[in-house]
Amino acid sequence: MKTVYVDNAATTRLSDAAMKATMPFMQDIYGNPSSLHHIGQEAKEYLEDARERVAKCLGALPSEIYFTSGGSEADNQAILTAAYNGEKKGKKHIISSKFEHHAVLHTLEKLKREGFEITLLDVYSEGIVSAEDLKNAIREDTALVTIMTANNEVGTLQPIKELGEICKEKGVIFHTDAVQAVGHIRVDVKDMNVDMLSVSAHKFHGPKGIGVLYCRKGIILQNLINGGAQERNKRAGTENLPAIMGMAAAMEEANAKLDENAKYISALRDKLIEGVKDIERSRINGDLEKRLPGTVNMCFEGIEGESLLLLLDQAGICASSGSACTSGSLDPSHVLLSMGIPVEVAHGSLRISLSEYNTEEEINHIIETIHKVVVYLRSISPVWEKILKGEVIE
Ligand SMILES: *Cc1c(COP(=O)(O)O)cnc(C)c1O
C-alpha cells in the first residue's frame, strides 16, 4: 500500500535540494565557525552566506537574522524579549489571539504567572482576528502584540499588514509566528510591518530543528540560551551549519516556486473540498478565501477524530486531527473551540495539509476513503441516530 502523506502542517519531507545542500557540511566542511583555522573560517563564510540568503528571502537585513533551533524557540525568544524590555518601561500588558500555537500561548501563560496581563483576541467563526478589536485592546502599557500569520490547524490568514500598521502607529512591538506561512505565501517583514517574526525550516521541506528569528534592527534581544558568543551574543551554541544550509536552500527553492506551488496545491485543495462537502452534517472550518493554499480542516458530526485518523491510516493516509501537539490527548482542539465550534463537533475534526508532492490521484483516494470511513463510523456511532433526530447530545 502506498503512503499518502497529507500532514504537511505537522512537518514536511526534506526536499532534494535541501538534502543536497546539507550533506557537504556533515563530513567535508565540518569546522566550527568560531574556530580560527581555515576549516572553521570556511564554515563561517558559508554560515554568513546562508544568513544573507535567508535575509533576502524575508526582505530583512542579514544582521536582523538569528538562527534558532526552530519555531518554538523563536516564538519564546521573541515574546520574552518584548515582555522583559517592556517591563523595564513599566509595560506589562500583552495582546495575542485565542488560537495561537502552544509555543506562543504557553509562553504567555508563563508571563501571566510572572504578573503580566494577557488579552487574547477573539478569532470569530472565520478564524480571523479583527483589526478593530486590536485597536480597542491596545493600552498605554501594552508591551507586545503577537498574532500568527497563518493558523496551523485551520490555515486561515490574519491581516498582518494592517495589524502591524496599528502597532506601528501606537508604538507597540509586533511579533508574528509565520511558521506556517514562510515558503507557502509571500513573506516580507517590511511589507508586513512586523518587528519580529518566527520561522521553522521543517514546515517548508527544510530540516527539522532549525529556524529563524527575525528581529528588527534597534530591538535588543534577550538571550534564552547563554554561553558562547554565537549569533552576535544572542543565541549561544555551536551553529547547526548542515541544517542552516539545508534551510537556506529550502527557503530559496520554496520562494522561487511560490506562485506555481500555490496554484497547484490550492487546485488540489479545492478538489478535495468539492469531493467531501456533500457529506451530510459536515463542515469546512475557517474562512474559505483568506487561507493557506494547502490546509483544510473539516468536522464530521457523530464521529471521533481519533477513530477517523486510525481508519485513514489503515488506508495509507497520514492526516491529523488538528495539531500534533494535542494528539495523544483527548481534549478537543483549542483552535476549533476558539472559533465557536461545539465540543462534540470539534471531536470529529480532520486536518489535511497538502504539499507540492501530492497528486490528483492521491486526492481521489482521500475523497473515496473519507466517504467510506465516515459512513462506517456513523453506522457504529452511539450518537449518530440521536443527532439525526435532533436530540441534544452531551
Ligand atoms: C510547527 C509550528 C511551530 C513550532 O515550530 P518547531 O520548529 O516545530 O518548534 C510554531 N508555530 C506554528 C504555527 C507551527 O505550525
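Residues numbered from 1 in each chain as written. Predicted model: local features only at pLDDT ≥ 70, side-chain atom pairs only at ≥ 80, totals over all residues. Heavy atoms only, no water.

(A) Just the packing of aromatic side chains, in detail. Here the structure, examined in full by the defined rule, presents two aromatic pairs. Where Phe-25 meets Tyr-46, the ring centres are 4.9 Å apart and the plane angle is 75°; that geometry is what we call edge-to-face. Taken as a pair, Phe-25 in helix H2 (residues 24-27) and Tyr-46 in helix H3 (residues 38-58) lie far apart in primary sequence, 21 residues in all. Take Phe-25: its relative accessible area is 7%, and that puts it in the buried class. (Phe/Tyr/Trp six-rings, centres within 6.5 Å; stacked < 30°, edge-to-face > 60°. Helix = DSSP H or I, 4+ residues; strand = E, 2+ residues; numbered from the N terminus. Buried < 20%, exposed > 50% of the residue type's maximum accessible area, 1.4 Å probe, protein only.)

(B) Region of interest: the sheet that holds strand E2 (residues 65-68). Judged by pairing direction, the sheet is mixed, and its seven strands sit side by side in the order E2-E8-E7-E6-E5-E3-E4 without closing on themselves. Every interior strand has two partners, whereas the edge strands, E2 and strand E4 (117-121), have only one. Between one strand axis and the next, the sheet turns through 20° on average, direction left out of account. When E2 meets strand E8 (residues 211-215), the two strands line up antiparallel, connected through four bridges. Across the sheet, Tyr-66 pairs through a bridge with Leu-213, a residue of E8. Contacting E2, strand E7 (196-200) and E8, H3 runs over the sheet at an angle of about 110° to E2. Most of the contacts of helix H7 (residues 160-170) go to strand E6 (residues 173-177), to which it runs at about 160°, and overall it touches strand E5 (142-146) and E6. (Pairing = 2+ DSSP bridges. Axes fitted to C-alpha atoms, helices over the stretch in contact; angles between N-to-C directions. Contact = heavy atoms within 4.5 Å.)

(C) Inspection of the packing of H3 against helix H9 (residues 241-256) at higher detail. Across the interface, H3 lies against H9 with an axial gap of 9 Å and an inter-helix angle of 30°. In terms of axis orientation, H3 runs roughly parallel to H9. Taken as a pair, H3 and H9 cross one another with a handedness that is left-handed. Of H9, the residues touching H3 (which contributes Ala-43, Tyr-46, Leu-47, Ala-50, Arg-53, Val-54, Cys-57 and Leu-58) are Leu-241, Ile-244, Met-245, Ala-248, Ala-249, Met-251, Glu-252 and Asn-255. Each residue belonging to the contact of H3 with H9 can be placed in one class, and the counts come to 13 nonpolar, one polar and two charged. (Parallel < 35°, antiparallel > 145°, perpendicular 65-115°, else oblique. Left-handed = near helix turned anticlockwise from the far one by under 90°. Nonpolar A, V, L, I, M, F, W, Y, C, P; charged D, E, K, R; others polar.)

(D) Here's a closer look at the nonpolar core. In terms of nonpolar packing, the biggest core is built from 64 residues, with Leu-58, Leu-134, Val-145 and Leu-197 touching the most fellow members. If you tally residues by element for this core, the top one is H9, at eight residues. (Core = buried A, V, L, I, M, F, W, Y, C linked by side-chain atoms within 4.5 Å.)

(E) Here's a closer look at the pattern of salt bridges. One pass over the structure, following the stated rule, counts 22 salt bridges. Of the charged contacts in the structure, one is a salt bridge between Arg-235 and Glu-73, with a shortest N-O distance of 2.7 Å. Placement of the pair is Arg-235 in the loop between helix H8 (230-233) and H9 and Glu-73 in helix H4 (residues 71-87), with a sequence separation of 162 residues. The pair formed by Arg-235 and Glu-73 is uniform in burial state, with each residue classed as buried. For Glu-301, the salt bridge is made with Arg-281, and the minimal N-O distance between the two is 3.7 Å. One end of the pair, Glu-301, is in the loop between strand E10 (295-300) and helix H11 (305-314); the other, Arg-281, is in the loop between helix H10 (258-276) and strand E9 (282-284), with 20 residues separating them in the sequence. Judged by relative accessible area, Glu-301 falls into the buried class, the value being 16%. Given a relative accessible area of 37%, Arg-281 falls into the partly exposed group. Beyond isolated ion pairs, a larger network of salt bridges with shared partners links Lys-44, Glu-48, Arg-51 and Glu-231. (Salt bridge = Lys/Arg side-chain N within 4 Å of Asp/Glu carboxyl O.)

(F) Geometry of the state of the cysteines. Evaluation of the coordinates by the stated rule reveals zero disulfides. Cys-57 takes part in no disulfide bond, and the closest cysteine sulfur to it belongs to Cys-215, at a distance of 19 Å. Left without a disulfide partner, Cys-215 is nearest to the cysteine sulfur of Cys-167, which lies 15 Å away. (Disulfide = S-S within 2.5 Å.)

(G) Structural view of the site of the ligand. Near the ligand you find 13 residues, and of these Ser-72, Asp-177, Gln-180, Ser-200 and Lys-203 are the closest. Residue Gln-180 places a side-chain N or O atom 2.7 Å away from an oxygen atom belonging to the ligand. Take His-202: an N or O atom from its side chain is 2.9 Å from an oxygen atom of the ligand. Tallied by class, residues from the shell around the ligand come to two nonpolar, eight polar and three charged. (Near = heavy atom within 4 Å. Polar contact = N/O pair within 3.5 Å; in protein donor to acceptor, adjacent residues only side chain to side chain.)

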